Amino acid sequence: MLRFRIRNAPALILFFLLFAASCAFGQSSRGTATLAATSSTQAQPPSSAQRPAPQTSVQVRSYTLPPDIYEKAVKYSRAQYILYFISFVWGVIVLLLVLSWKLAPKYRDWAEHAHNRFVQAVIFAPLLLLTIAVLGLPPDIFGHWLERNYGISVQSWNSWAWDWTKSQIISFILGIILVWILYAIIRHSPRRWWLYFWVITLPILVFLVFLAPLVIDPLFNKFEPLQNTDPQLVTALEQVVHRANMDIPPDRMFLMKASEKTNAVDAYVTGLGASKRVVVWDTTIKKMTVPETMFVFGHEMGHYVLNHVYKGLAFGAVVLLVLLYLGFRGMFWSLSRWGGVWGIRGVDDWASLPVLLLLFAILGFVASPISNTFSRHIEHQADQYGLEVTHGLIPDSNQVAAQSFEILGEVDLSDPDPNPFIEFWIFNHPPLTERVNFALTYDPWAEGKQPEFVK
Ligand SMILES: [Zn+2]
């Protein structure tokens, strides 16, 4: 995901969990990252009948882009990297301004006209979150402009604004609940609140991960059972499932009408338990051949079978605990220095929230290479799984995999040659050059070895 932005604490906390808990094929991540919603006049979803005949693909030997696309990809990627770091700095400045303008103490005074603590949270949290979100709009707007300018996004500004509004409403609802719980715990236990808050929010966040594909995702995109739109593809995908002796019933395969908003191709696994599912974007189906889509599905199946959603959640939970503990220490430290200047009475004052958000923003930023390194590892595993599960099922499966990466790179304008620091800090998938090389060279069968995941 290249579009991580700090917006507010609930989003930040959710970022770790949702980000870790949904595993995509390409650069974009589901989580809190992309704003997406319903514009209406776009193309119909492709059915197998409409799908263009597979182009006679040139043999892929490495990740190579045609010169014009190469140049575009380099420029676009650089702009995204710069935006990523500017967004972080901008977010920090916004929070510092909120603190120095003493906006939170003002909102707290308004809120405290009410006596009930929950009513206070209902007044305070949305006011503060909205202020931060509005002040944080410029990098968001620039990000959307960039995507439209490079032909990745086809979403209208109206539709984008409506998505922004909906994501604010979601963040208000979550914010009210989490902030109310947080300050109740802080008042109850000023020294151990970080631990108790973690214990209490974990089941809530797990529940949200469960709920996301059922309630939150449909607010931004249209979904349909893949069986309805593309039964032939489902039959092909079921072959992949059976190859691994697994059981992913067709009713857990969904089509997302991404083409209403983007040209990018992707697929992802999301949800927990009864909501666990594989989602394929209609753009992917339109731009890739059936064998290529089978490999993409094999990659997603790797996430599904290797329990990456659960592992991501567990990883996110550990990161969250560390963040909360450091937030607790940092809050103590900063309030003892600047609490008076910022008009904050103490840790248990609603007005201390921006301090905590600032600490989370900085700590989250510093922690991003850790979570991205974890993510690159599981993405590599999923690539390997995809290669193993399609081996022997589709002719020349290594080449097919390489071609699907090639399409991903051309459409999403993936950086052909990322700087190692950028890769370490921002990339949540291995660079495409590495993925293509691995796809072309992974062949344990030739060496008489057992594949690791699909026996
Ligand atoms: Zn993946």
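Bear in mind the structure is a predicted one, so any value in this text is a computation, not a measurement.

Cut-offs and rules
Residues numbered from 1 in each chain as written. Predicted model: local features only at pLDDT ≥ 70, side-chain atom pairs only at ≥ 80, totals over all residues. Helix = DSSP H or I, 4+ residues; strand = E, 2+ residues; numbered from the N terminus. Buried ≥ 20, exposed ≤ 12 C-beta atoms within 10 Å, placed from the backbone. Contact = placed C-beta atoms within 7 Å. Arc of directions from axis to C-beta. Core = buried A, V, L, I, M, F, W, Y, C linked by C-beta atoms within 7 Å. Expected span 1.5 Å × (residues − 1). Axes fitted to C-alpha atoms, helices over the stretch in contact; angles between N-to-C directions. Parallel < 35°, antiparallel > 145°, perpendicular 65-115°, else oblique. Left-handed = near helix turned anticlockwise from the far one by under 90°.

We now examine the overall build of the protein. When helices and strands are tallied, the protein shows 16 helices and 5 strands. Buried positions account for 48% of the 455 residues belonging to the protein. In the protein, the share of contacts with a sequence separation of at least 24, taken over all contacts with a separation of at least 6, comes to 81%.

Let us look at helix H16 (residues 432–441). What H16 keeps buried is the set Leu432, Arg435, Val436 and Ala439. End-on view of H16: buried residues confined to an arc of 95°, all on one side of the axis. Of the surrounding secondary structure, the elements contacted by the buried residues of H16 are helix H13 (353–390) and helix H14 (397–412).

Further remarks concern the environment of Arg148. Mapped onto the elements, Arg148 comes out in helix H5 (residues 137–149). The class for Arg148 is partly exposed, based on 15 C-beta atoms found within 10 Å. Put simply, Arg148 and Thr262 are 114 residues apart on the chain and 8.9 Å apart in space, counted from C-alpha to C-alpha.

Take the nonpolar core next. Within the largest apolar cluster, 55 residues are counted, with the highest numbers of intra-cluster contacts made by Ala267, Val278, Val280, Phe297, Met301 and Phe405. Beyond its immediate chain neighbours, meaning those up to four positions away, Met301 contacts Val240, Val241, Ala244, Ile248, Val278, Tyr385 and Val389.

All right, on to helix H2 (residues 67–100) then. Taking 1.5 Å per residue, 34 residues should reach 50 Å; H2 reaches 49 Å between its end C-alpha atoms and fits that length. When H2 is considered as a whole, its buried residues turn out to be Ala73, Tyr76, Ser77, Gln80, Tyr84, Ser87, Trp90, Gly91, Val94, Leu95, Val98 and Leu99. Packed against the buried residues of H2 are helix H3 (103–111), helix H4 (117–135), H5, H13 and helix H15 (420–426). Immediately downstream of H2, the backbone of Lys102 shows phi near 55°, a positive value.

Note that His377 resides in helix H13. Sequence separation between His377 and Pro430 is 53 residues, and the spatial gap between their C-alpha atoms is 8.1 Å.

Unlike most non-glycine residues, Lys102 shows phi in positive territory, near 55°. Inspection of the secondary structure assignment puts Lys102 in the loop between H2 and H3. Phi is positive for Asn307, close to 55°, though the residue is something other than glycine. Structurally, Asn307 can be placed in the loop between helix H11 (290–305) and helix H12 (308–338). Given 12 C-beta atoms within a 10 Å radius, Asn307 is considered exposed.

Okay, the packing of helix H6 (residues 157–188) against helix H7 (residues 193–220) next. One can describe the packing of H6 onto H7 by two numbers: an axis separation of 11 Å at closest approach and a directional angle of 160°. Taken together, the axis directions place H6 and H7 in an arrangement best described as roughly antiparallel. Pair H6 / H7 crosses with right-handed handedness. In this structure, H6 uses Asp163, Lys166, Ile170, Leu178, Ile181, Leu182, Ile185 and Ile186 to contact H7, whose residues at the interface are Trp193, Tyr196, Phe197, Ile200, Thr201, Ile216, Leu219 and Phe220.

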